[in-house]
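The chain contents come next:
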Amino acid sequence: MRIVSAHEGVIPISSSMSNAFIDFSTMDCSILALVSDVVVDGKPLVGYGFNSNGRYSAGEILRRRILPRLMDAPEGALLDEAGDLSPSFAWEAMMRNEKPGGHGERSVAVGVVDMALHDLAAKVAGVPLYRWISDHYGDGDPDDSVFVYAAGGYYAPGKSDRDLQDEMRRFLDAGYDVVKMKIGGAPLAEDLRRIEAVLEVLGGDGSRLAVDVNGRFDLDTALEYARALDPYDLFWYEEVGDPLDYRLNATLSEQYKNPIATGENLFSLQDARNLVRYGGMRPDRDYIQIDPALSYGLVEYRRIQDMLSQHGWSSRRCIPHGGHQFSLHIAAALKLGGNESYPGEFQPTGGFADDAVVEGSRVALDDRPGIGFEGKANFLEVLRELHE
Ligand SMILES: O=C([O-])CC(=O)C(=O)O
Ligand SMILES: [Mg+2]
């Protein structure tokens, strides 16, 4: 098989909401179609990818470096011994002449292509991606459903505690047991009032509420909030300080007994290893949220899983950021602890298939070949425009 053309584009995924660090008024996203020479039912098979959310589109890097290297790779260089598309060989081709370090600059671009390559490889095999990953990289016995929690609870102009409660009620009505809200964008007293409002909806059960700081706090504020949050026994306290401030995270973990989650802004094996080496993360309770789409794709994510396992971490302690279908397949196949979900945000890219049902905070995988963007009508329309 051969990739005959690559079509890259940019779409807005903007909104009026804010977390403690950024607003999403100009958030956009790279999308990609890789058209193959494999024809099924008179149409070429096409692999699709996009770059999750939280990082902006990476079109320049895709156009100038990553895609030319992929498309100019010698005949056969992207194929394994069986003649099948190898995302690992493609990764080597895309990363040729790239120095180590500085990962965020290009990890998003490579992640977009890696997603499309995996979508295509599974479509060529005629199987859903979770099955393909499990057979190629896992134990051949994937989970048939994945734990998901509903992320939202953003700050927004004019949003009242009542609005926040209604949003959380909608999540519960949609089948989620665990929800997440933003903190750190308001003074502590106001955030505690917002937390109490959400806890009211959750019957007072803090173990069903995660809070996300988006890297806003210095150490003193991190500890001040930690003392205030501890009695709630929350599901987790997320990305409390700067993502690369491992000392802050380590100090926090000595003083905050409940689970901490972080990693959505770490984009490489090396950064993840530093978190585990120096960040004080506790394999018995904490969560690692690295998002495969932002961090060089599944090829790198598997290296990260190997590293975690060598450091005594179970894959079940990983719950990726991003709320997208790619990570849902990875979670089922590699037996992660779950996946994020944004029932209301980041359209048209975010979320799962239109017919996906969440029950008891779990979502089942479907049988569409590849990632299954074909079951997400609004997004598919945008993706098809790239190449049709
Ligand atoms: O607000 C964001 O950038 C998204 C985020 O942190 C998350 O999903 O955990
Ligand atoms: Mg987060």
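Residues numbered from 1 in each chain as written. Chains lettered and ligands numbered in written order. Predicted model: local features only at pLDDT ≥ 70, side-chain atom pairs only at ≥ 80, totals over all residues. Heavy atoms only, no water.

K.L.:
It is not clear to me how the packing of helix α2 (residues 87-94) against helix α10 (residues 297-310) should be interpreted in this structure. Could you clarify?
P.N.:
The axes of two packed helices give the description: the angle between them and the distance between them. Between α2 and α10, whose axes approach to 8 Å, the crossing angle comes to 105 degrees. It follows that α2 is roughly perpendicular to α10 by the angle criterion. Packed against α2, whose contacting residues are P87, S88, W91 and E92, the element α10 presents V299, E300, R302 and R303 at the interface. (Axes fitted to C-alpha atoms, helices over the stretch in contact; angles between N-to-C directions. Helix = DSSP H or I, 4+ residues; strand = E, 2+ residues; numbered from the N terminus. Parallel < 35°, antiparallel > 145°, perpendicular 65-115°, else oblique. Contact = heavy atoms within 4.5 Å.)

K.L.:
Would you mind going over the environment of Y232 with me for this structure?
P.N.:
Within the element layout of this structure, Y232 appears in the loop between α7 (219-229) and β7 (236-238). With relative accessibility at 19%, the residue Y232 sits in the buried group. As a C-alpha pair, Y232 and G206 span 26 residues in sequence and 5.1 Å in three-dimensional space. Setting aside residues up to four positions removed in sequence, Y232 forms contacts with L192, I195, E196, L199, G206 and S207. (Buried < 20%, exposed > 50% of the residue type's maximum accessible area, 1.4 Å probe, protein only.)

K.L.:
Honestly, the site of ligand 1 in this entry has me stumped. Any pointers?
P.N.:
Near ligand 1, the surroundings consist of N19, F24, Y154, K180, K182, D212, N214, E238, E264, H321, E340 and Y342. Note that an oxygen atom of ligand 1 is positioned 2.9 Å from one of the side-chain N or O atoms of N19. A total of 270 Å² of accessible area belongs to ligand 1 in isolation, and the protein chains cover 98% of it. Comparing atom positions with the cavity grids shows ligand 1 to sit within the largest pocket. (Near = heavy atom within 4 Å. Polar contact = N/O pair within 3.5 Å; in protein donor to acceptor, adjacent residues only side chain to side chain. Areas by Shrake-Rupley, 256 points an atom, 1.4 Å probe, with all protein chains shown as cover. 1 Å grid on protein atoms, 1.4 Å probe; cavity = no way out; pocket = protein on both sides within 12 Å on 5 of 7 lines; lining within 4 Å. Sits in = over half its atoms within 2 Å of the grid points.)

K.L.:
Honestly, the pairing of strand β2 (residues 28-40) in this entry has me stumped. Any pointers?
P.N.:
For a regular strand, side-chain orientation follows a simple rule: the groups alternate between the two sheet faces. Burial of β2 is extensive: 10 of the 13 residues sit out of reach of the surface. Of the strand pairs in this sheet, strand β1 (residues 3-12) and β2 are connected by nine bridges, and their pairing is antiparallel. Looking at the pairing, G9 lines up with I31 of β2. Relative to strand β3 (residues 43-50), β2 runs antiparallel, the two being bridged by seven bridges. (Pairing = 2+ DSSP bridges.)

K.L.:
Just checking my understanding: could you explain the nonpolar core for this structure?
P.N.:
The biggest cluster of nonpolar side chains holds 133 residues, and the ones touching the most others in it are L70, V113, I183, L209 and Y237. With 11 residues, helix α3 (residues 104-125) is the largest single contributor of residues to this core. Setting aside residues up to four positions removed in sequence, L209 forms contacts with V179, M181, I195, V198, L199, L202, L234, F235 and W236. (Core = buried A, V, L, I, M, F, W, Y, C linked by side-chain atoms within 4.5 Å.)

K.L.:
Just to check I follow, could you spell out the environment of S36 for this structure?
P.N.:
You can see S36 is positioned in strand β2. On a C-alpha basis, the gap between S36 and I22 in space is 38 Å, while along the polypeptide they are 14 residues apart. At 3.2 Å, the side chain of S36 and the backbone nitrogen of V38 are in polar contact. Within the local environment of S36, its side chain forms a polar contact with the backbone oxygen of L45, the two atoms lying 2.8 Å apart.

K.L.:
Mind showing me how you'd approach the domain arrangement of the chain here?
P.N.:
Accessible area lost when the parts come together is the quantity often used to give the size of an interface. For the chain, the assigned domains are domain 1 (3-126) and domain 2 (137-385). Between the C-alpha centres of domain 1 and domain 2 there is a distance of 23 Å. Residue-level contacts link 39 residues of domain 1 with 50 residues of domain 2. Both faces combined, the contact of domain 1 with domain 2 buries some 3600 Å², and carbon together with sulfur accounts for 66% of it. When the area that domain 1 buries against domain 2 is broken down by residue, the three leading residues are M17, A20 and Y48, summing to 17%. One can count two salt bridges joining domain 1 with domain 2. (Domains from an automatic or database assignment. Buried area = accessible area lost by both parts, 1.4 Å probe. Salt bridge = Lys/Arg side-chain N within 4 Å of Asp/Glu carboxyl O.)

K.L.:
Mind showing me how you'd approach empty space enclosed by the protein here?
P.N.:
If a probe the size of a water molecule is rolled over the atoms, the empty space left behind becomes visible. Summed over the entire model, instances satisfying the criterion amount to two cavities of 30 Å³ or more. Of the voids in this model, the largest cavity is the one considered here, and its volume is about 60 Å³. E239, V240, G241, D242, P243, D245, Y246, L248, N249, T262 and L275 together form the lining of the largest cavity. Residue contributions to the lining of the largest cavity peak at three residues, all from helix α8 (residues 246-255). For the lining of the largest cavity, the class distribution of residues is five nonpolar, three polar and three charged. (Points joined across faces, edges and corners; volume = space filled by probe spheres on them. Nonpolar A, V, L, I, M, F, W, Y, C, P; charged D, E, K, R; others polar.)

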